[in-house]
Amino acid sequence: MAPTLSTTQFSNPAEVTDFVVHKGNGVKGLSETGIKALPDQYIQPFEERLINKFVNETDEAIPVIDMSNPDENRVAEAVCDAAEKWGFFQVINHGVPLEVLDDVKSATHRFFNLPVEEKCKFTKENSLSTNVRFGTSFSPLAEKALEWKDYLSLFFVSEAEAEQFWPDICRNETLEYIDKSKKMVRKLLEYLGKNLNVKELDETKESLFMGSIRVNLNYYPICPNPDLTVGVGRHSDVSSLTILLQDQIGGLHVRSLASGNWVHVPPVPGSFVINIGDAMQILSNGRYKSVEHRVLANGNNNRISVPIFVNPKPESVIGPLPEVIANGEEPIYRDILYSDYVRYFFRKAHDGKKTVDYAKI
């Protein structure tokens, strides 16, 4: 049921914020009122609106890597090369069953189609666990301009914890998605590690590279005046690695390290988009690049995406790996408690690559 709300009811910005953020309708609820004009608090600053006009001006493309190539060294080389030159790549024939991907996409739609009062059980105020949160935008209290996105964020602690606290309607599909993608994630981290002289992913390395997992179910509803706002603002991820499942709508753009252009990441059926996060940039002492990306709002279609953020354990201390600086390379980042780094990221609005500078020496 679409929220029954005449657009005249939004006589001032506070009412929009109340409806979207505090009453838990999200931008999905706002979109479904049939509003014809974008509310002021979603209008992005001039620079962001300018980028919206110029995002498709290039024929550059991020690499697409076939993981089923029998020559594993070639695959590893392609992955590491992409991690250094782009910080982003797509993988196909990755061994994760396609029905697992379809199931988690369907589950995402099912969750967001729940009545508002059901979704509201999972807001920051109401959720029975700090590891489960239904919200909107990025940091509504820190942002000058809001982003046109709702999300359900799920931090994985254990199957038992998920059983107890995650929404029934998407729990099993999300757990299966995490479980079935683990092997691929390990493989990618092994390739990236070997190239940094990390001989094997032992327990220590495993807790640094993949010690914790967060999955977001993202919903980007149809937007009036999409050119005035963003689905997600410019940022790089704080993860070691992000595994993104996107639907067929498109809208994700990545900043080319070579040219500075914004490059569209076209949806490839059955693929994942993989990107390097800040933690991996720090661990690799800057060899692998965590790259800025953003998502356009869309005037015609609802879009979903389901990223898995593969992170260090919160209590990990991250800094350039000993294997990397063993050959006399100067460390460019200091050691920093991962949970402090993440806290710093979430305290402010999306601001491009500014977070990683926080860890510079």
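Predicted model, so just to flag it, every value in this text is computed and none were measured.

### Considerations on the pattern of salt bridges
Then, number 1: The final tally for this structure, using the stated rule, is 19 salt bridges.
Then, number 2: A salt bridge links Lys 180 to Glu 176, with the shortest nitrogen-to-oxygen separation between them at 3.3 Å. Residue Lys 180 and its partner Glu 176 are located together in helix H8 (residues 168–194), separated by 4 residues, close to a single helical turn.
Then, number 3: What makes Glu 176 partly exposed here is its relative accessible area of 34%.
Then, number 4: Linked by salt bridges that have partners in common, Glu 48, Arg 234, Arg 255, Glu 292 and Arg 294 make up one network.

### Digging into the packing of aromatic side chains
Then, number 1: The tally for this structure, following the rule as stated, stands at 8 aromatic pairs.
Then, number 2: Pairing Phe 111 with Phe 112 gives two aromatic rings, centres 5.1 Å apart and planes at 85°, and the pair type is edge-to-face. Neither Phe 111 nor Phe 112 differs from the other in exposure class; each is buried.
Then, number 3: Connected via pairs of aromatic rings, a cluster forms that spans Phe 111, Phe 112, Phe 122, Phe 134 and Tyr 219.
Then, number 4: In this arrangement the basic side chain of Lys 182 is found over the ring face of Phe 156, its NZ or CZ atom lying 5.8 Å from the centre.
Then, number 5: The ring of Trp 262 is capped by Arg 294, whose NZ or CZ atom sits 5.7 Å from the centre of that ring.

### Focus on the sheet that holds strand S9 (residues 262–264)
Then, number 1: Strands sit in the order S6-S11-S8-S9 across an open sheet of 4 strands; the sheet is antiparallel. Two strands close off the open sheet at either side, each with one partner strand: strand S6 (232–235) and S9. Across the sheet, the axes of successive neighbouring strands diverge by a mean angle of 20°, strand direction being ignored.
Then, number 2: Here 2 bridges tie S6 to strand S11 (residues 293–295), and the two strands are oriented antiparallel to one another.

### Considerations on the UniProt feature "domain: Fe2OG dioxygenase" (unreviewed entry) in the chain
Then, number 1: According to UniProt, the "domain: Fe2OG dioxygenase" (unreviewed entry) feature falls on residues 204–312.
Then, number 2: Secondary structure across residues 204–312 comprises 12% helix and 39% strand; the distance between its end C-alpha atoms is 10 Å.

### What to know about the sheet that holds strand S4 (residues 150–156)
In sheet architecture, strand pairing relies on hydrogen bonds along the backbone and comes in two forms, parallel and antiparallel.
Then, number 1: Strands sit in the order S1-S2-S10-S7-S12-S5-S4-S3 across an open sheet of 8 strands; the sheet is mixed. Either end of the sheet is taken by a strand with one partner, and the two such strands are strand S1 (64–66) and strand S3 (132–136). If you compare each strand with its neighbour and ignore which way they point, the axes differ by 25° on average.
Then, number 2: Sheet topology note: the strand S5 (residues 212–220)/strand S12 (residues 303–311) ladder contains 7 bridges and is antiparallel. Counterpart to Asn 218 in the pairing with S12 is Ser 305.

### Brief notes about the pairing of S12
Then, number 1: Counting buried residues along S12, 9 of its 9 residues qualify, which places the element largely inside the surrounding structure.
Then, number 2: The pairing of strand S7 (residues 241–246) with S12 spans 6 bridges and is antiparallel. Following the sheet pairing, Gln 246 is matched in S12 by Ser 305.

### Here's the deal with the packing of helix H4 (residues 72–85) against H8
Then, number 1: Running from N to C, H4 and H8 cross one another at 75°; their axes reach a closest spacing of 9 Å. What the angle tells us is that H4 and H8 run roughly perpendicular. Along the contact surface, H4 presents Glu 72, Val 75, Ala 76, Val 79, Cys 80 and Ala 83, while H8 presents Lys 187, Leu 188, Tyr 191 and Leu 192.
Then, number 2: Looking at the contact of H4 with H8, its residues break down into 8 nonpolar, no polar and 2 charged.

### Re the packing of helix H5 (residues 98–112) against H8
Then, number 1: Across the interface, H5 lies against H8 with an axial gap of 9 Å and an inter-helix angle of 150°. Judged on the interaxial angle alone, H8 and H5 are roughly antiparallel. For the crossing formed where H5 meets H8, the hand is left-handed. Residues Val 100, Leu 101, Asp 103, Val 104, Ala 107, Arg 110 and Phe 111 of H5 form the contact with H8, whose own contacting residues are Ile 169, Cys 170, Glu 173, Thr 174, Glu 176, Tyr 177 and Lys 180.
Then, number 2: Here the residues of the contact of H5 with H8 sort into 8 nonpolar, 1 polar and 5 charged.

What counts, and at which threshold
- Residues numbered from 1 in each chain as written.
- Predicted model: local features only at pLDDT ≥ 70, side-chain atom pairs only at ≥ 80, totals over all residues.
- Heavy atoms only, no water.
- Salt bridge = Lys/Arg side-chain N within 4 Å of Asp/Glu carboxyl O.
- Helix = DSSP H or I, 4+ residues; strand = E, 2+ residues; numbered from the N terminus.
- Buried < 20%, exposed > 50% of the residue type's maximum accessible area, 1.4 Å probe, protein only.
- Phe/Tyr/Trp six-rings, centres within 6.5 Å; stacked < 30°, edge-to-face > 60°.
- Lys NZ or Arg CZ within 6 Å of the ring centre and 35° of its normal.
- Pairing = 2+ DSSP bridges.
- Axes fitted to C-alpha atoms, helices over the stretch in contact; angles between N-to-C directions.
- UniProt positions renumbered as here; feature names shortened; annotations may be inferred.
- Parallel < 35°, antiparallel > 145°, perpendicular 65-115°, else oblique.
- Contact = heavy atoms within 4.5 Å.
- Nonpolar A, V, L, I, M, F, W, Y, C, P; charged D, E, K, R; others polar.
- Left-handed = near helix turned anticlockwise from the far one by under 90°.

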